[in-house]
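Residue strings, one per chain:
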Amino acid sequence: MQTQKPLLPDGARRTAAWCGVVLLVTGVVAVAVWLCVIFKPAVTPVLLALLGTALLGPVHSRLTAGGVNRSVAAGLTCALLVAVVGGAGYIVVTALVDTGPQILGSLKRTGQWFVDHLGIKGTTDVDALAANAQKILEKFGASAAGGLLSGISLIGSLLATSVLALLLTFFFLRDSDRAASLAHAVAPRGTGDLVEAMGRRAFEAVQGFMRGTTFIALIDALCITVGLLILRVPGAVGLGALVFVGAYIPYLGAFISGAVAILVALADRGVVIALWALGVVLAVQMLEGHVLQPMIQSRTVQMHPATIMIAITAGAGVAGLLGMLLAVPVCAAAFGIIGELRGDRPGPAGASPSGPSPSGASPSGSFGPSEA
């Protein structure tokens, strides 16, 4: 009996099958993002609570290992979170408020320096630009005063989100021992082990990112602040606070905060000190890229810089500044899940300085989890 010849060659059929898979996955991701945007008031506190749980999980584990009741340990950990975040926020805001006018004045003088030394013609004087900006701010302030109820509503929404995130952090910490049984309960029959493994890999990736980024941000801020203080750059503490906050947005945050520090140094201390400030910023960035990142974040899912920039851009488009802050940990969790689905297994902890680790890390420069 003669077999019927396929309408399409094998290559075309494989391509069509892969296109169908890509379209299906893209549709699922698009629907998931759309649902997150629609339910943003509920999704945002959950994500913030997961980040807080990932950062402070070891504190809760140490307290419970010491015999402290799980609920009491979770309450103490949340109190520590409030103290740390509130104290850090107070320091950062105070430093920026105290040195903000000085930094803005330095930036204005920098703009005037470029206008004068580069011989730019037909450019409005920097003082005139500053006056126009002030008028715009005054108009904006009048509009904001007219919409006082909207401003109060926004503040109330932020407070409600913060309180809800704190409460969720408490429950996540207290009931973390039930996560495995919950995964088996909600997963389809026979897939409980896989869902649990995926959840563990994703949480380990977020946990490593939060701990590593916080520690690296602290070291970067301290080093740059000390360097700027030695160079006697005005507003050094405020600039260091800006570096600490910007470190949570990889690449883009470090670039912006470093550029501001250099411009302030150029305006107040001259070209030579500005070059020294540039050297300090570059030295800290090299220390971070070649020493701190491999040592501190060797147990996280490493991603290629291009992947991080795309994730940050997508996060900014979806949720603005909050999306930029959450984009990288969400992407790291996604790579952890993909690595588990692919069957990647991390190698021994001491296999190599930058090799795979117990959480499925891959060497820096790869686009996802490495093959075990």
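Calculation notes
Residues numbered from 1 in each chain as written. Predicted model: local features only at pLDDT ≥ 70, side-chain atom pairs only at ≥ 80, totals over all residues. Heavy atoms only, no water. Helix = DSSP H or I, 4+ residues; strand = E, 2+ residues; numbered from the N terminus. Buried < 20%, exposed > 50% of the residue type's maximum accessible area, 1.4 Å probe, protein only. Contact = heavy atoms within 4.5 Å. Axes fitted to C-alpha atoms, helices over the stretch in contact; angles between N-to-C directions. Parallel < 35°, antiparallel > 145°, perpendicular 65-115°, else oblique. Left-handed = near helix turned anticlockwise from the far one by under 90°. Nonpolar A, V, L, I, M, F, W, Y, C, P; charged D, E, K, R; others polar. Salt bridge = Lys/Arg side-chain N within 4 Å of Asp/Glu carboxyl O. pLDDT = per-residue confidence, 0-100. Patch = residues over 30% accessible without salt bridge, like charges linked within 9 Å, V, L, I, M, F, W, Y side chains within 5 Å. Areas by Shrake-Rupley, 256 points an atom, 1.4 Å probe, with all protein chains shown as cover. Core = buried A, V, L, I, M, F, W, Y, C linked by side-chain atoms within 4.5 Å. Phe/Tyr/Trp six-rings, centres within 6.5 Å; stacked < 30°, edge-to-face > 60°.

Glancing now at the overall build of the chain. A count of helices and strands for the chain gives ten helices and zero strands. Ordered by position from N to C terminus, the α and β elements of the chain give α-α-α-α-α-α-α-α-α-α. Expressed as a percentage of the 372 residues in the chain, the buried residues total 32%. Considering only contacts in the chain between residues 6 or more positions apart, those separated by 24 or more positions represent 72%.

Running from N to C, helix H6 (residues 179-186) and helix H7 (residues 192-230) cross one another at 135 degrees; their axes reach a closest spacing of 8 Å. What the angle tells us is that H6 and H7 run oblique. The two elements H6 and H7 meet at a crossing, and its hand is right-handed. Contacts from Ala180, Ala183 and His184 in H6 reach Gly192, Asp193, Val195, Glu196 and Arg200 in H7. The class makeup of the residues in the contact of H6 with H7 is three nonpolar, two polar and three charged.

All told, the structure shown has five salt bridges when counted by the stated rule. Arginine 70 is the salt-bridge partner of aspartate 177, the closest N and O atoms lying 3.8 Å from each other. Taken together, the positions of aspartate 177 in the loop between helix H5 (148-174) and H6 and arginine 70 in helix H3 (residues 70-117) put the pair 107 residues apart, joining distant regions of the chain. Overall, arginine 70 belongs to the partly exposed group, its relative accessible area being 26%. The closest approach of N and O atoms between glutamate 196 and arginine 200, which form a salt bridge, is 3.0 Å. Note that glutamate 196 and arginine 200 are positioned in helix H7 at a spacing of four residues, about one turn of the helix.

As for its placement among the helices and strands, alanine 261 is situated in helix H9 (residues 252-296). Expressed as a C-alpha distance, the spacing of alanine 261 and leucine 278, which sit 17 residues apart in the sequence, is 8.4 Å.

Our next topic: the confidence of the model for the chain. Averaged over all residues, the pLDDT of the chain is 75; the fraction at 70 or higher stands at 73%. Of all helices and strands in the chain, the one with the weakest mean pLDDT is helix H4 (residues 126-146) (51), whereas helix H1 (residues 10-38) scores best (89). Ignoring residues within four places in sequence, the model shows residues 140-149, a span with pLDDT below 50, making zero contacts including any to other chains.

Now for a nonpolar patch on the surface. A contiguous nonpolar patch, built from Trp18, Val21, Val25, Val29, Val33, Val37 and Val318 and spanning about 620 Å² of accessible area, is present on the exposed surface. Here the element with the most residues in the nonpolar patch is H1; it accounts for six residues. Along the polypeptide, valine 33 turns up in helix H1. A relative accessible area of 37% means that valine 33 is categorised as partly exposed.

Moving on: unusual backbone geometry. Phi at arginine 232 takes a positive value of approximately 60 degrees, unusual for a residue other than glycine. Secondary-structure assignment places arginine 232 in the loop between H7 and helix H8 (236-246).

What follows is about the nonpolar core. Among soluble globular proteins, nonpolar side chains are generally buried collectively. Counting 20 residues, the largest nonpolar core has Val206, Met303, Ile312 and Val328 as its most contacted members. Elements that contribute at least two residues to this core include exactly helix H2 (40-65), H7 and helix H10 (305-342). Here this core gets eleven residues from one element, more than from any other, and that element is H10. Other than its neighbours up to four places away in sequence, isoleucine 312 contacts Ile249, Pro250, Met324, Ala327 and Val328. Core analysis: the next-biggest nonpolar cluster, separate from the first, contains 17 residues, Ile224, Val233, Val264 and Ala265 among them.

On to the packing of aromatic side chains. Tallying each qualifying case throughout the model produces one aromatic pair. Ring geometry for phenylalanine 170 versus phenylalanine 171: centroids 5.3 Å apart, planes at 75 degrees, classification edge-to-face. Since its relative accessible area comes to 37%, phenylalanine 171 is described here as partly exposed.

Most of H8 is tucked away, with eight of its eleven residues classed as buried. Those residues of H8 that fall on the buried side of the exposure criterion are Ala236, Gly238, Leu239, Gly240, Ala241, Val243, Phe244 and Gly246.

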